[in-house]
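Overview (structure and organization)
So you can see what is in the structure, the chains are spelled out below.
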Amino acid sequence: MAFLRQLSTKRLYEKRLIKKYLSETEEVTLGRDPTCQIVLETKIYRMVSRRHALIRLQAEQTANNGLRWEICDLNSVNGTYINGQKLQECQILQVGDRIRLGYNGPEFIFDNLSNQKSTPSVSPPPVNLNPPPVNSVANVEVEDTDSITLTQLFPIASTGKQLAKKAYLYPGIITVIFVVLMFLTVGNAGAFNVLLAAYIASAAYYFVYQLCGKQKPWWVLFGVALTTVLILLSPILTVFIGVFRIILPGDISVNPQELGFFNFLIRMFFGAGLMEELLKALPVFLALLIGRNLHSPWRNKIGVWEPLDGILLGTASALGFTLLETLGQYVPSIVDSASLQLGVDAGELVGLQLLIPRILGSVAGHMAYSGYFGYFIGLSVLRRRNSWLILGVGYLTASILHALWNASGVLNIFLLAFVGVVSYAFLGAAILKARVLSPTRNENFATQAIVNK
């Protein structure tokens, strides 16, 4: 029978140590979570993840029919070490192996009663040892005391990498920088609006990025957003307007009250939905083509290889589109119009009031449609046999949602809210499905966060 025996780390609070017999039918999990079979005290072992590692019996046996036990790291923050070497995924345990959870964390020795004869260095068990049943837990939990430590008085001295990974240090730094810059631009409406729009847009995108749970270099995402802006400022936009709004029935420069909802919706479908969703998808397709011609690891960083890649790049493109459209078209137009009627100060206030909901609403607007279409672009890479069908469904669905949003905003505010909720639901559903389909889901930080809880 195999078991783990905890070694003393000479901590001030250690009074009794853990000894745990391993189950031959169930996995034994080590961590700070109360549901683990071996529970480490949270206040003492902060370096241990909530679900840090597991030990299980391998189906394969050794030549002499001995049982083989393996230990696997559960994507812990601080790693698992076997005899001082960091564990990569899983490893077979040998009698006498020292298991340490995190740097300078709790340490255990793996032992096996069935191997006592062949391993004289391991002391035989006492005669009166009555091991518990195989499936029972024989933990002795570490007790709390009222003592205080230096790291409790100064928590920052012991948090280390957890500040960046779990306390959102970098978003906090960015927020402080934007706050200082906005203080400096008080009185300059144009510069203040640009900073506010950039911050709200970044926060909205960070929300989607966290939902996706896959890492993508920031410069790739910024590059996609910038490419969209450059496309909108280039003659390509003129060509698209000529095709979708002049040749096709997409002229949206008409009074919607005169056309009626259905006719206006048709015009929005061609002139806004089909046109703008294809425009925003161009940088995503460009990244896909570039990635195919690169070697690893650049092809994985830049290219589109799965639905999560498509969603991340599609929403980044939508971010660039929203910022340019809001700051370059809608806000200046409403400021000029309101200034003529109400005065300059009132005009700038109205412009600010328009800017905030437009940028925040991009999560249920442009980012939702483009992210949803991006899901299908990535899915077409995974399912190449039906790629054209997949792309067609995604393109039409995103365009319909886009057209419904534009048409509803003019005719019915309650319908607009409903379409916004539906659009966000479509994006959320696509993200959840993309995480399931992801070939790299075991490496994605959203999966790791779930495992470590």
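The sections below set out a description of the structure shown in this document.

Calculation rules
For every chain, the first residue of the written sequence is number 1, and numbering continues from 1 onward in sequence order. Only residues with pLDDT of 70 or above have their local features reported here, since the model is predicted, and side-chain atom pairs are shown and tallied only from 80 upward, although totals for entire chains, interfaces and linings are computed over all residues. Side-chain descriptors were evaluated using all non-hydrogen atoms of the structure, hydrogens and water having been removed beforehand. To obtain an axis, a line is fitted to C-alpha atoms, over the contacting stretch when the element is a helix, and the angle between two such axes runs from 0 to 180 degrees between their N-to-C directions. A run of DSSP states H or I qualifies as a helix once it reaches four residues; a run of E qualifies as a strand once it reaches two. Both are numbered from the N-terminal end. What sets the label is the angle itself: under 35 degrees gives roughly parallel, over 145 gives roughly antiparallel, 65 to 115 gives roughly perpendicular, and the rest give oblique. By convention, the crossing between two helices is left-handed when the near helix turns anticlockwise from the far helix through less than a right angle, and right-handed when the turn is clockwise. Residue contacts follow a heavy-atom distance rule, with two residues in contact if any of their heavy atoms lie within 4.5 Å. Residue classes follow a fixed rule: Ala, Val, Leu, Ile, Met, Phe, Trp, Tyr, Cys and Pro count as nonpolar, while Asp, Glu, Lys and Arg count as charged, and any other residue, Gly among them, counts as polar. In plain terms, two cysteine sulfur atoms within 2.5 Å form what is called a disulfide here. Relative accessibility decides the category of a residue: with a 1.4 Å probe and only protein chains considered, values under 20% of the type maximum give buried, values over 50% give exposed, and everything between is partly exposed. Pairing between two strands is assigned when DSSP locates at least 2 bridges connecting them.

This brings us to the packing of helix 6 (residues 218-232) against helix 9 (residues 261-292). The geometry of helix 6 relative to helix 9 is characterised by a closest axis approach of 9 Å and an angle of 130 degrees between their N-to-C directions. The angle between the axes of helix 6 and helix 9 places the two elements in the oblique class. Like other packed secondary-structure pairs, helix 6 and helix 9 cross with a definite hand, here right-handed. Contacts between helix 6 and helix 9 involve V224, T227, T228, I231 and L232 from the first element and L279, L282, P283 and L286 from the second. Broken down by class, the residue content of the contact of helix 6 with helix 9 amounts to seven nonpolar, two polar and no charged.

Attention shifts here to the state of the cysteines. On inspection of all chains with the given rule, the structure shows one disulfide. In this model C72 forms its disulfide with C90; the gap between the sulfur atoms is 2.0 Å. Taking the torsion about the S-S bond as the criterion, the C72 to C90 disulfide, at about 110 degrees, is right-handed. Highlighted residues: C72 in strand 6 (residues 69-73) and C90 in strand 9 (residues 90-92), separated in sequence by 18 residues. For C72, a relative accessible area of 3% gives the class buried.

Here we come to the pairing of strand 5 (residues 53-57). Where strand 3 (residues 28-31) lies against strand 5, three bridges are found, and the strand directions are antiparallel. Directly across from V28, in strand 5, lies its bridge partner I55. Two elements, strand 5 and strand 6, share five bridges in a ladder whose sense is antiparallel. Bridged to L57 within strand 6 is W69.

What the five strands build is an open sheet, ordered 4-3-5-6-9; its pairing is mixed. A single partner strand is all that each edge strand has here, and the edge strands are strand 4 (38-39) and strand 9.

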